[in-house]
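# Structural overview for review
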Amino acid sequence: MSERSKEYRRNVAAVIVDAAGRVLLGRKSDSSRFWHFPQGGVGHKETFEQALWRELREETGLTPEHLQIVARVGGLRYQYRKKNKKSKVWAGQQQTYFLLRCTGAHVVADAGHSAEFAKLEWLPWRTLSPHMFVSFKREVAQEVLAAFFPPDVRDLEAYWQQLNALSRYEFGPDSMLAAYAPEDRSLFLGTKEEARAAMEDLRHRVRAVQRQWESMAHPPRMLVVIHDAAPTPGKRSINCLRHAADLPDPLHVQVCSPFVSAALPQDALAPVTFPLPRASECLLTAHSPYRAVLTDTAMHDAIADNEQRLLEQQVCLLKLYLHISPEQFFKTCPTAPPAAYENHTSAAECFLRRTAQVVPWFIIPAEKKWYRDFVIATLLTTMAENATTEALSR
């Protein structure tokens, strides 16, 4: 079997940072001069986060109560040495590294939980170097250290927050559409396969909070609107809807079509209405009411009124705009004149600004389908968790 024909084993690794800025590393033996991050393979039908917590519990004794995931970087490969028994099956490992912060001031790791390490030590992150790792892992170590501890960054805390900040896609009344790239992939630094695996973790998180809703007196209600940037909605928005609908619990999700509802007041001041999700329901639609106001500026106030009504009824509204490249635009409209994309984008920016007065939009980079779906899943998960926290605090 050639090296190219072999697959790379899925693997997770942990970069754990304590309150003093020290990183947890282990040695295989007291005499070894090389260090290793806690790591391990991802089992069959196991999500990346499940594998991470299992390996940490086995190798360090640390559990989710001790740690908080801050960021991740994936798609990092190294090849096994030929003397490694696993090299007969796998070419090497494809790793996803998780950056974790200790939630307590004094977190104790214990190497006695596993035969993997003879000792564990906390080392200042500034002292870490690729040369501290075995030669065949050195290139990966260099990438990991550059991703999580860039030497030119003064404020690591702010940098780490930005790694996972969904605010990069938020669009308000003063935003410019040109600032958002359809091909952006900055939220997830891993591969397509890793993003799909990460979505399994998101699915677990959404369904976990939805189980909480069942016992709440006033559970959250969510409305997710997917607005396609193309002149007419088509397969793109329907595919987004399908992937988003697969995230929540089937008993608590509904796909709405057409975009009407008798549950909201109907009057002359509100010609465009939104559907009202039932208690503990996540309602999704790709039939955007905002399309009706794209060229009709007189309806912007009506949209704002309706959004305000939703908020007053404790409905969490998530507005997603699928941002496409000129190439995607002209695939949808092959006979459009050369200036059509620029004109359409200009009009879209105007309507996005005017309809972001009450609830902001999120501009979804739609160049890569897998990344588009990952961003939507991350937003939906974050919204569900935040809505649950707010509902419990009321």
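## Describing the overall build of the chain
- A count of helical and extended segments in the chain gives 9 helices and 12 strands.
- The dimensions of the chain, computed from C-alpha atoms along their principal axes, are 80 × 55 × 45 Å.
- Look at the contacts in the chain between residues 6 or more apart in sequence, and 76% of them connect residues 24 or more apart.
- Of the roughly 19,200 Å² of accessible surface on the chain, 51% is carried by carbon and sulfur atoms.

## What about the environment of P337?
- Among the secondary structure elements, P337 is positioned in the loop between α7 (326-332) and α8 (340-354).
- Separated by 48 residues in the primary sequence, P337 and E385 place their C-alpha atoms 44 Å from one another.

## Examining the packing of aromatic side chains
- Summed over the entire model, instances satisfying the criterion amount to 13 aromatic pairs.
- Judged by centre distance (5.6 Å) and plane angle (50°), the ring pair of Y78 and F136 falls under tilted. Remark: F136 occurs in the loop between β6 (119-124) and α2 (138-148) and Y78 occurs in strand β4 (residues 67-79); sequence separation between them is 58 residues.
- By relative accessible area, which is 5% here, Y78 ends up buried.

## Some remarks on unusual backbone geometry
- The phi torsion at S280 lies on the positive side, around 65°, for a residue other than glycine.
- You can call S280 buried: its relative accessible area is 12%.
- Not every positive phi belongs to a glycine, and Q314 is a case in point at roughly 60°.
- Here Q314 is to be found in the loop between α6 (300-312) and β11 (315-323).

Calculation notes
Residues numbered from 1 in each chain as written. Predicted model: local features only at pLDDT ≥ 70, side-chain atom pairs only at ≥ 80, totals over all residues. Heavy atoms only, no water. Helix = DSSP H or I, 4+ residues; strand = E, 2+ residues; numbered from the N terminus. Contact = heavy atoms within 4.5 Å. Areas by Shrake-Rupley, 256 points an atom, 1.4 Å probe, with all protein chains shown as cover. Phe/Tyr/Trp six-rings, centres within 6.5 Å; stacked < 30°, edge-to-face > 60°. Buried < 20%, exposed > 50% of the residue type's maximum accessible area, 1.4 Å probe, protein only.

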